[in-house]
Amino acid sequence: MKQPNLPENHLEAWRRYYVSFWRIFAAIEADLQAAGLPSLSWYDALYELYLAPGRHLRMSELARSALLSRSGLTRLVDKLEKEKLIVRKSCPSDGRVQHAQLTDKGVEVLRQIWPVYRAGIAKYFAAHLSDEEAQEFARLMSKVVSAMEQLPGAPACEKDKRLPA
């Protein structure tokens, strides 16, 4: 099998992105843990529900939008439900379909997490880029996201991500 051409500058860009993403992610996770708050995976699932019409999604839609495997989502939903941040409901027209519904307590937890998350984004990411650089970075990453969404079976990743007040 022929190896695809991968110029060194592309490989170096990938390495820089990959390392910076995981370091920032780990730093924000540590900040959340130090504040006694749930992880970013909790935030992502709750936030996807927050954005959804009626603040509920089919479990399969939640898995796609939160970028989780079905088994990973099941484990996460079990935890969120145990904490009363969401409720699971059967679809009235098809009992085989399960929905996750965000609760008021879930919205409150989302709002507790956001200030720490926002501060982490500011400290570990935004502080190192000018406004112009941030715009360019967003433009470049949008190209990658758009290309990935064109792949067969790819989840839709890009949404209007307004954050909870």
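Residues numbered from 1 in each chain as written. Predicted model: local features only at pLDDT ≥ 70, side-chain atom pairs only at ≥ 80, totals over all residues. Heavy atoms only, no water.

Attention now moves to the overall build of the protein chain. Within the protein chain one finds six helices and three strands. In the protein chain, the succession of helices and strands from N to C terminus is α-α-β-α-α-β-β-α-α. By its C-alpha atoms, the protein chain is 55 × 45 × 25 Å across when sized along the principal axes. The proportion of buried residues among the 165 residues of the protein chain is 28%. Taking as baseline every contact in the protein chain between residues at least 6 positions apart, the subset at least 24 positions apart corresponds to 57%. (Helix = DSSP H or I, 4+ residues; strand = E, 2+ residues; numbered from the N terminus. Buried < 20%, exposed > 50% of the residue type's maximum accessible area, 1.4 Å probe, protein only. Contact = heavy atoms within 4.5 Å.)

Let us look at unusual backbone geometry. In this model, R55 sits at a positive phi of 55°, which is unusual for a non-glycine residue. Considering the arrangement of structural elements, one finds R55 in the loop between helix 2 (40–51) and strand 1 (56–58). Positive phi outside glycine occurs at K84, with the angle close to 65°.

Let us look at the side chain of E29. In this fold, E29 is placed in helix 1 (residues 8–34). No salt bridge is formed by the buried E29. Its closest oppositely charged neighbour is K79, at 11 Å. Polar contacts involving the side chain of E29 include one to the main-chain amide nitrogen of L40, which spans 3.2 Å. Each residue touching E29, except ones within four places of it in the same chain, is listed here: S39, L40 and S41. (Lys, Arg positive; Asp, Glu negative; His and termini not counted. Salt bridge = Lys/Arg side-chain N within 4 Å of Asp/Glu carboxyl O. Polar contact = N/O pair within 3.5 Å; in protein donor to acceptor, adjacent residues only side chain to side chain.)

Packing of helix 2 against helix 4 (residues 70–82) brings their axes to within 11 Å, and their N-to-C directions diverge by 85°. On the basis of their axis angle, the class for helix 2 and helix 4 is roughly perpendicular. Within the contact between the two elements, helix 2 uses S41, W42, A45 and L46 and helix 4 uses L76, K79 and L80. (Axes fitted to C-alpha atoms, helices over the stretch in contact; angles between N-to-C directions. Parallel < 35°, antiparallel > 145°, perpendicular 65-115°, else oblique.)

Attention now moves to the environment of I113. With respect to the secondary-structure elements, I113 resides in helix 5 (residues 104–124). Considered as a pair, I113 and A147 are 34 residues apart in the sequence and their alpha carbons are 31 Å apart. Not counting residues within four places of it along the chain, the set of residues in contact with I113 comprises L32, L37, P38 and Y43.

Moving on to the packing of helix 1 against helix 5. Axis separation between helix 1 and helix 5 bottoms out at 9 Å; the angle between their running directions is 140°. When you trace helix 1 past helix 5, the crossing you get is right-handed. Of the residues in helix 5, those touching helix 1 at I24, A27, I28, D31 and L32 are I113, V116, Y117, G120, I121 and Y124. Split by residue class, the contact of helix 1 with helix 5 holds nine nonpolar, one polar and one charged. (Left-handed = near helix turned anticlockwise from the far one by under 90°. Nonpolar A, V, L, I, M, F, W, Y, C, P; charged D, E, K, R; others polar.)

A word on the pattern of salt bridges. A full pass over the atoms with the stated rule returns six salt bridges. Notably, a salt bridge pairs R15 with E12, separated by 3.4 Å at the nearest N-O pair. With R15 and E12 both in helix 1, this residue pair falls three residues apart, about one helical turn. Using a relative accessible area of 37% as the deciding quantity, one classes R15 as partly exposed. Overall, the relative accessible area of 28% leaves E12 in the partly exposed class. The network of salt bridges with common partners includes E8, E12, R15 and R16.

This brings us to the nonpolar core. Side chains that are nonpolar tend, in soluble globular proteins, to be buried together. If you look at the biggest cluster of nonpolar residues, it comprises 33 residues, and the most contacted ones within it are L46, L62, L80 and I86. Counting only elements with at least two residues in this core, the list comes to helix 1, helix 2, helix 3 (59–65), helix 4, strand 3 (98–102) and helix 5. The biggest single contributor to this core is helix 2, with eight residues. Not counting the four nearest positions on each side in its chain, L46 is found in contact with L80, L85, I86, L102, G106, V109 and L110. (Core = buried A, V, L, I, M, F, W, Y, C linked by side-chain atoms within 4.5 Å.)

That is the geometry; function is a separate question.
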